[in-house]
Amino acid sequence: MLRVAMTSVSPPHPTVVLGVCGSIAAYKAASVARLLVKAGVRVLPVMTHAATKMLGAATLAGLTGNHVYGEMFEASLGGELHVELAEKATLIAVVPATAEFLSALASGRANDLLRATVLCRRGPVMLAPAMHPNMWSHPATQRNIATLRADGLEFVGPVVGEVASGEVGEGRMAEPEAIAEAILGRLRHDPSQGTHDLAGRHVVVTAGPTIEDIDPARYLSNRSSGKMGYAIATAALARGARVTLITGPVALPAPAGAKVVPIRTARDMESALDAALGTGLTEADALIMAAAVADYRPLSVHPTKLKRHGPTTLELIPNPDLLAGLGKRRTGPKPVLVGFALETTSDDELVAAARVKLDKKQVDLIVANRASDAFDTDHNRIVLVERARAIELPYASKGVLADRLIDHLLPLLP
Ligand code: CTP
């Protein structure tokens, strides 16, 4: 049985400035506001002029119990409203963010209250874009997204789905539950919220593919980008853990503060794991195996480049199952073992397949995901599968999912 989990934040109650732009999807901002308020967040709404044509300010005022800001200079509230809002917010979320809004932010414009507030901001900003797929995929929008990402702004969605015109494509705003969960996840790991709940813990994370050479020019590997593993390492660091990141070759910057151990083959990864976990496996509190370890390798690596000569057969032998080996060797409570299961099956079979892996590999938790959702994207959909329950997390960025995974891992730590 799958269920959508929505967790709350603990006091002191964080403040979210909820910006709303003028898109048909603006009505969904009301649901996001409601979910945040229910989770214990103080929500301060800011609407653009266009947004007020799509959604009544009275709706947001009623749901949040707060004044809805709109004018740059509201006489009754003083002159520097954008500065005050930017400072007050634990996080600014813009739901929905239109193509025009993204363009304005990317070029640093500040010609209304919401834009000025975001420009003034020196802390987390999360954007939930909504637009027609042609606008989303336009090179100008994609340039703006790249600029905003480089500036440190975070995105939740958009997703592939039906947009207001009835067409289907990437540009539909993420669902309100997914947006609220992304915001709550981000609030939980905000250092100013004091969530150093992994302080004193050693977390080992594996990431990326392994590479198994055939000859000096060719190899066997897979499409893993390493993004999920790197996101987990980053989230664990932000929450105070000491992190060892054992990584196959990927095109990602090393997370600041992690001990990074680059490897190439599955057997390299086995040696790196032995070193990080220690002989009795007592050196780490948790191991998260996000790496896509090659199941097979060529029987031998040909010393010279193989020449073409008609049909040929490549003889493969199995690599050791690293996680199963550790599951078998573990005798005490350390380390908590988390595996990943990437499947191409239906949703029902996904959880069943993950449960088989839980038992076969003797681990504590399997993160199940689908190949169609996972590869080379910044977002994913995952199901956390334990023996007694399976929790489906809403579609979100890998950073947000990493945080939710750690939330889930915490009570399992010895
Ligand atoms: N894994 C591992 N060693 C391997 C293969 C996989 O430690 N040789 C780990 C992966 O890092 C992942 C988990 O096992 O955490 C699941 O990997 P997956 O390839 O999905 O499962 P397999 O056991 O290989 O089963 P199958 O490929 O048949 O689905």
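About the thresholds
- Residues numbered from 1 in each chain as written.
- Predicted model: local features only at pLDDT ≥ 70, side-chain atom pairs only at ≥ 80, totals over all residues.
- Heavy atoms only, no water.
- Helix = DSSP H or I, 4+ residues; strand = E, 2+ residues; numbered from the N terminus.
- Rg over C-alpha atoms; globule rule 2.2 N^0.38 Å.
- Buried < 20%, exposed > 50% of the residue type's maximum accessible area, 1.4 Å probe, protein only.
- Contact = heavy atoms within 4.5 Å.
- Areas by Shrake-Rupley, 256 points an atom, 1.4 Å probe, with all protein chains shown as cover.
- Lys, Arg positive; Asp, Glu negative; His and termini not counted.
- Charge placed at Lys NZ, Arg CZ, Asp CG, Glu CD.
- Expected span 1.5 Å × (residues − 1).
- Arc of directions from axis to C-beta.
- Salt bridge = Lys/Arg side-chain N within 4 Å of Asp/Glu carboxyl O.
- Near = heavy atom within 4 Å.
- Polar contact = N/O pair within 3.5 Å; in protein donor to acceptor, adjacent residues only side chain to side chain.
- Nonpolar A, V, L, I, M, F, W, Y, C, P; charged D, E, K, R; others polar.
- Axes fitted to C-alpha atoms, helices over the stretch in contact; angles between N-to-C directions.
- Parallel < 35°, antiparallel > 145°, perpendicular 65-115°, else oblique.
- Left-handed = near helix turned anticlockwise from the far one by under 90°.
- Patch = residues over 30% accessible without salt bridge, like charges linked within 9 Å, V, L, I, M, F, W, Y side chains within 5 Å.

Caption draft 1: Broad picture of the overall build of the chain. Within the chain, the secondary structure is distributed over 15 helices and 19 strands. Relative to its length of 414 residues, the chain is compact, with a C-alpha radius of gyration of 23 Å against a globular reference of 22 Å. Projected onto its principal axes, the C-alpha coordinates of the chain cover approximately 75 × 50 × 40 Å. Evaluated residue by residue, the chain yields a buried proportion of 52% over its 414 residues. Of all intrachain contacts in the chain linking residues separated by at least 6 positions in sequence, the fraction that spans at least 24 positions is 69%. Surface accessibility of the chain: about 18400 Å² in total, with carbon and sulfur atoms responsible for 54%. Seen as two clouds, the 43 positive and the 41 negative side-chain charges of the chain have centres 3 Å apart.

Caption draft 2: Geometry of helix H11 (residues 266-277). Its 12 residues give H11 an end-to-end C-alpha distance of 16 Å, which sits within 8% of 16 Å, the value for a rise of 1.5 Å per residue. Here H11 has its buried residues at Ala266, Met269, Ala272, Leu273, Ala276 and Leu277. Relative to the axis of H11, the buried residues are bounded by an arc of 120 degrees and lie together on one face. Buried positions along H11 lie against strand E8 (202-207), strand E9 (212-213), strand E11 (242-247), strand E12 (259-262), strand E13 (286-289) and helix H12 (322-329). Note on H11: the residue one or two positions beyond its end, glycine 278, has a positive phi of about 80 degrees.

Caption draft 3: Geometry of the pattern of salt bridges. Evaluated as defined, the whole model comprises 27 salt bridges. For arginine 149, the salt bridge goes to aspartate 378, with nearest N and O atoms at 3.9 Å. Here arginine 149 is found in helix H8 (residues 139-150), whereas its partner aspartate 378 is found in the loop between helix H14 (371-374) and strand E18 (379-385), with 229 residues between them in sequence. Looking at arginine 149, the relative accessible area reads 37%, which means it is partly exposed. The partner of aspartate 213 in a salt bridge is arginine 264, and the shortest N-O contact between them spans 2.7 Å. In this pair, aspartate 213 sits in strand E9 while arginine 264 sits in the loop between E12 and H11, placing the two residues 51 residues apart along the sequence. Aspartate 213 gets classed as partly exposed once you look at its relative accessible area, which sits at 22%. Classification of arginine 264 as partly exposed rests on a relative accessible area of 34%. Each of the salt bridges in this network shares a partner with another, and the network as a whole consists of Glu181, Asp197, Arg239, Asp403, Arg404 and Asp407.

Caption draft 4: Geometry of the site of the ligand. Taken together, 15 residues are adjacent to the ligand, and Met289, Ala291, Leu323, Phe340 and Lys361 come closest. Between the ligand and leucine 323 there is a distance of 2.8 Å, counted from an oxygen atom to a backbone nitrogen or oxygen. Against a free-state accessible area of 570 Å², the protein chains account for coverage of 79% of the ligand. Looking at the shell around the ligand, the elements with two or more residues in it are H12, strand E16 (336-343) and helix H13 (347-361). For the shell around the ligand, the element with the highest residue contribution is E16, accounting for 4 residues. Class assignment for the residues of the shell around the ligand results in 9 nonpolar, 1 polar and 5 charged.

Caption draft 5: Just unusual backbone geometry, in detail. Following valine 95, the chain continues to proline 96 via a peptide bond in cis, the omega torsion being -5 degrees. When you line up the elements, proline 96 lands in strand E3 (residues 91-97). Of note, the amide linkage connecting lysine 334 to proline 335 takes the cis form, showing an omega dihedral of -10 degrees. Mapped onto the fold, proline 335 is located in the loop between H12 and E16. Within the chain, leucine 281 stands out as a residue other than glycine whose phi angle is a positive 60 degrees. Here leucine 281 falls in the buried class, since its relative accessible area comes to 3%. For glutamine 362, which is not a glycine, the phi torsion comes out positive at approximately 55 degrees. For glutamine 362, a relative accessible area of 39% gives the class partly exposed.

Caption draft 6: Structural detail: the packing of helix H4 (residues 81-88) against helix H6 (residues 113-120). Here H4 crosses H6 at 55 degrees, and the two axes come no closer than 8 Å. As judged from the angle between their axes, H4 and H6 are oblique. Here the hand of the crossing between H4 and H6 comes out right-handed. Taken together, the residues of H6 that come into contact with H4 (itself represented by Leu81, His82, Val83, Leu85 and Ala86) are Leu113, Ala116, Thr117 and Cys120. Along the lines of polarity and charge, the residues of the contact of H4 with H6 split into 7 nonpolar, 2 polar and no charged.

Caption draft 7: View of a nonpolar patch on the surface. Residues Ile24, Tyr27 and Met54 make up a contiguous nonpolar surface patch of roughly 320 Å² in combined accessible area. Note on placement: isoleucine 24 falls in the loop between strand E1 (15-20) and helix H1 (27-38).

Caption draft 8: Here's a closer look at the environment of histidine 408. With respect to the element layout, histidine 408 can be found in helix H15 (residues 398-409). Considering only alpha carbons, one finds histidine 408 and valine 293, 115 residues apart in sequence, at a separation of 24 Å. With sequence-adjacent residues up to four places away left out, histidine 408 is seen in contact with Leu365, Leu384, Glu386, Arg389 and Ile391. Reaching out from histidine 408, the side chain makes a polar contact with the side chain of glutamate 386 at a distance of 3.1 Å.

Caption draft 9: Main features of the environment of proline 133. Within the secondary structure, proline 133 is located in helix H7 (residues 133-137). Considering only alpha carbons, one finds proline 133 and glycine 161, 28 residues apart in sequence, at a separation of 9.4 Å. For proline 133, the contacting residues outside a window of four places in its chain are Val163, Val168, Gly169 and Glu170.

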